[in-house]
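Letter by letter, the chains look like this.
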Amino acid sequence: MKRTFKLITWYIMLNKRLFRKKSFIAVLILLPFLAWGLSEVSKQESGILTVALVAAKYDAADNDIGAFEDSKDLTEVIENIKESGSVIHFIDADSEEDAYNLILSHDVDAAWVFPASLKKAAASYLGKFKPVVKVIQKEEGTLYDLSKEIIYKNIFPYISYAAYRGYMYNIFGKTSKDKDFDNEIKAAYESINIKDNIVEFDYIGSESSPENQTDINQRGYLLSPLRGLMAVWLMLCGFAAAMYYKSDLQAGLFTWLDSDLQPVTGLAYIFSILINSGIMMLAAFAVSGVFTSLYAEIINMLMLIIAVSGFCSLIGILCKSIYQIAAIMPLSLIASIVLSPVFADIGVRRLQILTPLFYYLKVFYIKDYIYGFFIYILIIYILYFSAALISGKL
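Definitions and cut-offs
- Residues numbered from 1 in each chain as written.
- Predicted model: local features only at pLDDT ≥ 70, side-chain atom pairs only at ≥ 80, totals over all residues.
- Heavy atoms only, no water.
- Axes fitted to C-alpha atoms, helices over the stretch in contact; angles between N-to-C directions.
- Helix = DSSP H or I, 4+ residues; strand = E, 2+ residues; numbered from the N terminus.
- Parallel < 35°, antiparallel > 145°, perpendicular 65-115°, else oblique.
- Contact = heavy atoms within 4.5 Å.
- Nonpolar A, V, L, I, M, F, W, Y, C, P; charged D, E, K, R; others polar.
- Expected span 1.5 Å × (residues − 1).
- Bend = angle between axes of the 7 residues up to and from the residue.
- pLDDT = per-residue confidence, 0-100.
- Buried < 20%, exposed > 50% of the residue type's maximum accessible area, 1.4 Å probe, protein only.

## Description of the packing of helix α10 (residues 262-288) against helix α15 (residues 369-390)
Relative to each other, α10 and α15 sit at 135°, their axes nearing to 10 Å. When the interaxial angle is binned, α10 and α15 end up oblique. In this structure, α10 contributes Q262, P263, V264 and L267 to the contact, and α15 contributes Y381, Y384, F385 and A388. Within the contact of α10 with α15, the residues separate by chemical class into 7 nonpolar, 1 polar and no charged.

Written as structure tokens, this is what we have:
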């Protein structure tokens, strides 16, 4: 009972001591502000590719009602492209010549030139194989090729109807334009209602639902690595705590505690610092918009804190001085960034399972990784207390 009281008292005193350090308070407070700033930047117009959209002008002097309706269709297509929510940034250009100048001045990466009438262009494509949209770019690349999928998606309905109309005219022997026949086949075409997607995605893990994936994908790409980078920051705090503890231990600040309590004391020391850091991380997630659900965030954060506490405690007990911990710290942090899916998943599972950040980031997408997280924590603590026993500290 006395030992428990001593530990509680020590925990309170440690927090008081930490909060007297202005640098510690500054680091904790700045994190949510940095996350908020990044979320604001991500809301600005940005993209990994900039494309100029050129719409051929409808000539009002022609007094063609059909052409006017076609121009409205083109406006709708361009608006759909601009509102597609992709990482491609779209801007308007007045003409093809302006688009050329924007590319030459490096203001845009490519330009898409649309005809005044998509319906006529689609019909011309089917009859003469004349391209519907003109793409202007200075270089080739995978990113450029993938961006063209947006064009195909938006002009396909016009190609589809033109092909259907041509087929119906052919099988019914129509050789000239028939307005009544057009209205009839168009009504039949529009009556076909495809409610579901052609492609169905199945996600492994009960929390990896399409709704969850959609919510993740709708966030700005600048926010995508935010959770991973903050997890790295938490690991940095864990290493700093391990160095603080090693310094205090060598200074004799824990001589009043029984020697067999040193391993537990070291864990509690690092854990108490990481609890404060974890709270600020959750606040940062909340203000940046990457917060998922309260239950998932708290459980996963608690597991990350426990895992990082064990990992940094293991490093601390294997190192004889704070200088050795400081030497290992950058290597561990860089390895964690590379092996964990902070920016990309490299897929080397045999190495990735060595870092706690891998499990923390994966469990938000695939719930089954939580079992691996539990096993990782168990192994880390077995190694830690085994190292303490071998070194004679337990």
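## Observations concerning helix α6 (residues 142-171)
The terminal C-alpha atoms of α6, which comprises 30 residues, lie 41 Å apart, in line with the 44 Å expected from a rise of 1.5 Å per residue. Within α6, the axis deviates most sharply at I155, by approximately 45°, and proline P157 lies no more than four positions further along. Downstream of α6 by one or two residues, G173 has phi in the positive range, about 70°.

## A word on the confidence of the model for the protein
Taken residue by residue, the protein gives an average pLDDT of 79. The fraction at 70 or more is 76%. Mean pLDDT per element in the protein: helix α8 (residues 210-217) is the minimum at 47, and helix α11 (residues 294-318) is the maximum at 93. In the predicted structure, residues 61-66 sits below a pLDDT of 50 and forms 2 contacts with residues beyond four places in sequence or in another chain.

## Digging into α11
Along its 25 residues, α11 runs 36 Å from first to last C-alpha, staying within 8% of the 36 Å computed at 1.5 Å per residue. Within α11, 18 of the 25 residues are buried, which leaves the element mostly enclosed by the surrounding structure.

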